[in-house]
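Coordinate inspection notes
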Protein chains: 2
Amino acid sequence: MNTNKNKTLIEIGNNIRSLRLSRNLSQEQLAFEVGLHRTYIGAVERGEKNITILNLIKIKNALNVSMSQIYIEREE
Amino acid sequence: MNTNKNKTLIEIGNNIRSLRLSRNLSQEQLAFEVGLHRTYIGAVERGEKNITILNLIKIKNALNVSMSQIYIEREE
DNA sequence: ATGTAGACTCAAGTCGACC
DNA sequence: TGGTCGACTTGAGTCTACA
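Not measured: the values here are computed from a predicted model.

Moving on, we come to the UniProt feature "domain: HTH cro/C1-type" (unreviewed entry) in chain A. Under the UniProt annotation, the feature "domain: HTH cro/C1-type" (unreviewed entry) is placed at residues 16-70 of chain A. The straight-line gap between the two end C-alpha atoms of residues 16-70 of chain A is 6 Å; of that span, 69% is helix and 0% is strand.

This part is about the packing of helix H1 (residues 7-22) of chain A against helix H3 (residues 38-45) of chain A. All names here are of chain A. Two elements in contact, H1 and H3, have axes separated by 7 Å at closest approach and are oriented at 120 degrees. On the basis of the axis angle, H1 is oblique to H3. On the side of H1, the interface is formed by Leu9, Gly13, Asn14, Ile16, Arg17 and Arg20, while H3 contributes Gly42, Val44 and Glu45. Considering only residue class, the contact of H1 with H3 consists of three nonpolar, three polar and three charged.

This next bit is on the interface of chain B and chain A. In this complex, chain B contributes 20 residues to the contact, which on the side of chain A involves 20 residues. Across the interface of chain B and chain A, roughly 1500 Å² is buried in total on both sides, 63% from carbon and sulfur atoms. Between chain B and chain A we count two salt bridges in total. Notably, a salt bridge pairs Lys60 of chain B with Glu73 of chain A, separated by 3.1 Å at the nearest N-O pair. The tally of links between chain B and chain A comes to ten residue pairs in polar contact (both at pLDDT 80 or more). Listed by contribution, the elements that provide at least two residues to the side of chain B that touches chain A are helix H1 (7-22), helix H4 (53-63) and helix H5 (67-70) of chain B. For the side of chain B that touches chain A, the element with the most residues is H4 of chain B, which contributes six residues. Its residues assigned to classes, the side of chain B that touches chain A shows ten nonpolar, seven polar and three charged.

Another aspect to go through is the protein's contact with DNA strand C. Tyr40 and Thr52 of chain A together with Arg20, Gln27 and Arg38 of chain B are the nearest of the 21 residues found near DNA strand C. Within 4 Å of the protein, the atoms of DNA strand C are drawn from sugar and phosphate moieties in a proportion of 64%. Taking Asn50 of chain A, its main chain carries an N or O atom lying 3.4 Å from a phosphate oxygen of DNA strand C. A distance of 2.6 Å separates a base nitrogen of DNA strand C from a polar side-chain atom of Arg38 of chain B. Elements with a contribution of two residues or more to the surface near DNA strand C: H3 of chain A together with H1, helix H2 (27-34) and helix H3 (38-45) of chain B. Its residues placed into classes, the surface near DNA strand C shows three nonpolar, ten polar and eight charged.

Cut-off values and rules
Residues numbered from 1 in each chain as written. Chains lettered and ligands numbered in written order. Predicted model: local features only at pLDDT ≥ 70, side-chain atom pairs only at ≥ 80, totals over all residues. Heavy atoms only, no water. UniProt positions renumbered as here; feature names shortened; annotations may be inferred. Helix = DSSP H or I, 4+ residues; strand = E, 2+ residues; numbered from the N terminus. Axes fitted to C-alpha atoms, helices over the stretch in contact; angles between N-to-C directions. Parallel < 35°, antiparallel > 145°, perpendicular 65-115°, else oblique. Contact = heavy atoms within 4.5 Å. Nonpolar A, V, L, I, M, F, W, Y, C, P; charged D, E, K, R; others polar. Buried area = accessible area lost by both parts, 1.4 Å probe. Salt bridge = Lys/Arg side-chain N within 4 Å of Asp/Glu carboxyl O. Polar contact = N/O pair within 3.5 Å; in protein donor to acceptor, adjacent residues only side chain to side chain. Near = heavy atom within 4 Å.

Okay, here's the thing in structure tokens:
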């Protein structure tokens, strides 16, 4: 559907995925803790969705990490 | 409309506002640089809108600050 | 220069199903 | 367990206008 995958979103998604995996959580478990849908978490991890800040904060809290571990700023 | 103003969104909005002001930018100028609408920037500053991560990144870049200056994490 | 309001569009986010 | 699809609802984001 969305071939229009943004680089930043892909990075964020990859970070969420590896953090989730390192916690031994399934997408379903993370979705449940965060109160989002399982298919949506999947889409975010694949960088297909431009997540809102409040939901991103919920995810980072569920993963018990700081924002800088999910969104890594580069010098520009 | 939205009496349901979230504390985190209000904080983010306040931070954006004071950062914008310290740059001597109007909402209109910031909106133009970021490619968002002036009325929307206003709503974000008032904490009325749950902005998406990509737009938040655009704003922080336009203000030339790091994410941690806009979204301040508290220990929990 | 900003707040608010209303009407609008389209993407965020839900949900159930199947592979 | 995770990807994808389709139909759906809600809310992000636009735009014009007026105070």
